[in-house]
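This is what each chain is made of:
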Amino acid sequence: MAAFLFLQGQATDGIRRFNFAPESAPRVESFKTISAASDYNSWRGYGWLDAAGSVDHGRWPGDKQDTWESRNNLNVVSRRGPDDLARSYATGTATFALDLEPGKYEVWVLSGDAGHLEYIPREAYRITVEDKTAYRFEMSTAEFIRQFETPLFEDELSHADVWRLNVEPRFKWSRVIVDVDDGQLTLKVISERRAGTHHELMGEYAHTETRSGPSLRFSGALNALVVLPAMPDTSTGVQAISDIDTWRRQNISHKWPRIETAAQAASGHTVADHERGYTVSPVNVLSQVMPEDRRLHSQAVIKLRAVPGEYVPLTFAITPLQALGETRVEFPMLQPLSDMTAAPVPTEDTLVTGVVRYVARATEKQGAQWRPKPGMIVPIDHWNIRAGVSKQFWLTYQVPDDLPAGEYTGRIEIMPELAASTHINVELQVLPFSLQRPVDLAIGMTYFSPVQYAVSGEAEFWKRLQSEFSDMRAHNMTTVQYTGIRMDDYARIDRAFGHYREAGFEQPVNLLESHGAMQRWLRQGIPWSSAEFQAEYVQFVADFLQQSELRQWPPVIIGFGDEFTNTAQEEVGAEIAKRLKDIPGIVTAADVNGYKEMTLLAPEVDIVAFNNGWSGPEHVNRGKRLLNKATVNHILNANATPWLVNVGMDRFSNGYWFWKMVRLGVRGKMEWIYRGYNGLPFNNFDADPLRAHAVYPGPDGTAVPSLDYERMRIGLDDLAYLYTLERVVEASREEPKKIAVVR
């Protein structure tokens, strides 16, 4: 019952508790809710002394309790996570007052912000009580970037880990002792207006806090206030905060319940396994290694085939039967089997050693329940392996372009800190040909400009964008579905497209920002169905394409349509498409999400990208699905080009199945999303909890891939093998004809 002692009530225990939150936020029992409308009055004895202006209300896209209230000098905000006390806060220049008898008081303030959308708390601020600093937050730009791109080297396996790694570091309690001489305690957040200059680099597609939140935004966060008479013995206040945090941990467990999965029985483990302390077994790249897996020891050799230049994954699982401590792996060299006296081939220059980190992932698409699942491949050669938690190592070896065809052998050394070492044998067959990749197909991912890097100036922003374009290109992408710089910001578009060209993408830029630009008119209250919008938007796009020609940009596809089905605006989308056709030389594209949208847009656009679709908010599609040959034929018969969009990042969808769809006439494939623009990416309970990324930002411009992203690359390798086989077969059919002509 200790966790609920603080719920006894403010009057009976002498402790005053305040939760700064909008009226719509969840109530926290025994805490008085202080909203933007909670002005001070003497009969209540607390409230805002000088909050100016009327209260404005709003909400952000997402959870129904992601709300805000605002006045001229005050923001009161509610986020989605983590717990119901820390999720909300107040900030601004308004002063909060609490009537108290003169005396000495112990004051605790809770401060922190989980962020939302593109916002990550970084601006400096202070919280003062009676003009005495109770809390101070400062973060340098260098530290912000370091946190943003540094993976956690621990797994989130329990709520205790979630609290320790994700919540406690972001929400800090601070204590101060103050004298109240005039019968009123005052408290302020000392901060500046929120900086928004980096939003210039965001473009218009993304939802942002500044577009959907209060017009005036302030830095800082005051989540909660606890006040009690100061005593020589501080244990009462410490215990009160401890009880609150115990409740907060329970609240998080209730809001974000972890689905428990029982460990599999350890039957089959031998005496040798227990003496060794663990088992090792090769794992197929398509298999998931879960924390509770209890795999048997295997002496199987990892056998691989690859062509020069190909990336080859080597994966295996370690099942610990005891704590292994820091467990390191090495794969130092390969030895040619044809000549064991030949010099070995070092692997260090083209080997990336990684460990699959578990992350908290929702068990349902939009659910709050979660369990630890394999997430990202952290580029590191060691891990602290806990007892009973199986781990997967994922090594990626790029076969050198000049490595001769033949068979090679090597050993992966496994060296636990607290157990004996062992190894896995590897056999690699290097094939005597090279892959021909289908560069005539448009293959890519939706990519948002890395706006988080704009906080340190544009140098970091462009460095990250350039490195991530290179990463996508190295993963066999031929294009980018790009958004994140305004279309009329010609100088920055020029620079982005320059990096696109440098990366070597073979296909045109698929400019999804063309759809984002349409939001500008909606924000001005001009609907897309109006003649005013359609005339102005067509001119806007025409001006952009004129700049494209003058500046010699790579070819651009105007991706103006992003699932009109979802807002039942299919006819509006078709009308916009017709108007855009008036621009000479334009190439248009639309991502469609329903049968009606597909049939209306196919005759009016050049490229129709489709997935399986849905019925739509008004059920006009009646469950009719799109992923079939009939859809491809319908689009082709309308003289448009069919693409796929958001059908999967798995190996099969990007390999054999995609190849089959290409044979039917599909010419492109786009996937959502390379990386989102909201929150700290390595914190699963930040901003948009349980959100996954395809790629995470690593130190110094590197990329940390998810397993899905790596499996997508492997699928595109499969596609290249099939494409190469087709070219070989075609050449073999043509060769006899050539010989006959010569004779």
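Residues numbered from 1 in each chain as written. Predicted model: local features only at pLDDT ≥ 70, side-chain atom pairs only at ≥ 80, totals over all residues. Heavy atoms only, no water.

## A few points about the sheet that holds strand E24 (residues 391-398)
Here is the rule we go by: For two strands to pair, DSSP has to find at least two bridges joining them. Segments assigned H or I by DSSP are reported as helices when at least four residues long, segments assigned E as strands when at least two residues long, and all are numbered from the N terminus. To get an axis, a line is fitted to the C-alpha atoms, and for a helix only the part in contact is used. The angle between two axes follows their N-to-C directions and goes from 0 to 180 degrees.
Pairing in this open sheet of five strands is antiparallel, and the strands run E15-E17-E24-E21-E22 from one edge to the other. With one partner strand each, in any of the chains shown, strand E15 (278-282) and strand E22 (370-378) form the two edges of the open sheet. The sheet shows a mean angle of 25 degrees between the axes of neighbouring strands, direction not considered.

## Digging into the confidence of the model for the protein
For clarity, the threshold we go by: In predicted models, pLDDT denotes the confidence assigned by the predictor to each residue on a 0 to 100 scale. Residues count as neighbours in contact if any of their non-hydrogen atoms are within 4.5 Å of one another.
Put simply, the protein has an average pLDDT of 93, and 97% of its residues get 70 or more. In this model, residues 739-743 is a region of pLDDT below 50 whose contacts with residues beyond four sequence positions or in other chains number zero contacts.

## Examining the pattern of salt bridges
This is how it is decided: By salt bridge we mean one thing: a side-chain nitrogen of Lys or Arg within 4 Å of a carboxyl oxygen of Asp or Glu.
Per the counting criterion, the structure on display carries 52 salt bridges. Between aspartate 84 and lysine 255 there is a salt bridge; the shortest N-O distance is 3.5 Å. Note that aspartate 84 is positioned in the loop between strand E6 (74-78) and strand E7 (88-92) and lysine 255 in helix H5 (residues 235-255), a separation of 171 residues in sequence. Here the salt bridges share partners, and the residues they tie into one network are Arg79, Asp113, Glu123, Arg194, Glu209 and Arg217.

## Quick word on the nonpolar core
What counts, and what does not: Think of a nonpolar core as a cluster: buried Ala, Val, Leu, Ile, Met, Phe, Trp, Tyr and Cys residues, connected wherever their side-chain atoms sit within 4.5 Å. Relative accessible area decides the class of each residue, using a 1.4 Å probe on protein chains only: under 20% of the type maximum gives buried, over 50% gives exposed, and in between gives partly exposed.
Phe469, Tyr482, Tyr537, Phe544, Ile558 and Phe560 are the most contacted members of the largest nonpolar core, which has 82 residues in total. If one sorts the elements of this core by residue count, helix H10 (residues 531-551) sits on top with seven residues. For phenylalanine 544, the residues in contact, after removing those within four places along its chain, are Met487, Tyr490, Ile493, Phe497, Leu511, Trp553, Val556 and Ile558.

## Section: helix H9 (residues 513-523)
Most of H9 sits out of view: eight of its 11 residues are buried. Regarding H9, the residues found buried are Glu513, Ser514, His515, Gly516, Ala517, Met518, Arg520 and Trp521. As for H9, its buried residues are in contact with strand E28 (481-483), strand E29 (509-511), H10, strand E30 (556-562) and helix H11 (570-580). Where H9 ends, the next residue or the one after it, glycine 525, has phi of about 80 degrees, a positive value.

## Overview of the sheet that holds strand E5 (residues 67-71)
Spatially, E4-E5-E6-E7 is the arrangement adopted by the four strands of the open sheet, whose pairing is antiparallel. Two strands close off the open sheet at either side, each with one partner strand: strand E4 (56-59) and E7. If you compare each strand with its neighbour and ignore which way they point, the axes differ by 15 degrees on average. Bridge analysis of E4 against E5 gives four bridges, and the strand direction is antiparallel.

## A look at the environment of phenylalanine 685
Here phenylalanine 685 lies in the loop between strand E34 (668-671) and strand E35 (695-697). Once the C-alpha coordinates of phenylalanine 685 and alanine 114 are considered, the two residues, 571 residues apart in sequence, prove to be 8.0 Å apart. Not counting the four nearest positions on each side in its chain, phenylalanine 685 is found in contact with Val162, Asn166, Trp256, Ala360, Trp370 and Leu690.

## Re the packing of aromatic side chains
Let me state the cut-off plainly: Pairing of aromatic side chains here covers Phe, Tyr and the six-membered ring of Trp, requires ring centres within 6.5 Å, and sorts the geometry by plane angle: under 30 degrees stacked, over 60 edge-to-face, intermediate tilted.
Taken as a whole and assessed by the stated rule, the structure comprises 41 aromatic pairs. Arranged with centres 5.5 Å apart and planes meeting at 65 degrees, the rings of tyrosine 447 and tyrosine 674 form a pair that is edge-to-face. One end of the pair, tyrosine 447, is in strand E27 (residues 442-448); the other, tyrosine 674, is in the loop between E34 and E35, and 227 residues separate them in sequence. Classification of tyrosine 447 by relative accessible area gives buried; the value is 1%. Seen in terms of ring centroids, phenylalanine 497 and tryptophan 553 are 5.3 Å apart; in terms of plane orientation they differ by 85 degrees. Their pairing is edge-to-face. Residue phenylalanine 497 is located in helix H8 (residues 490-503), and its partner tryptophan 553 is located in the loop between H10 and E30; the two are separated by 56 residues in the primary sequence. An identical accessibility class is assigned to phenylalanine 497 and tryptophan 553; each is buried.

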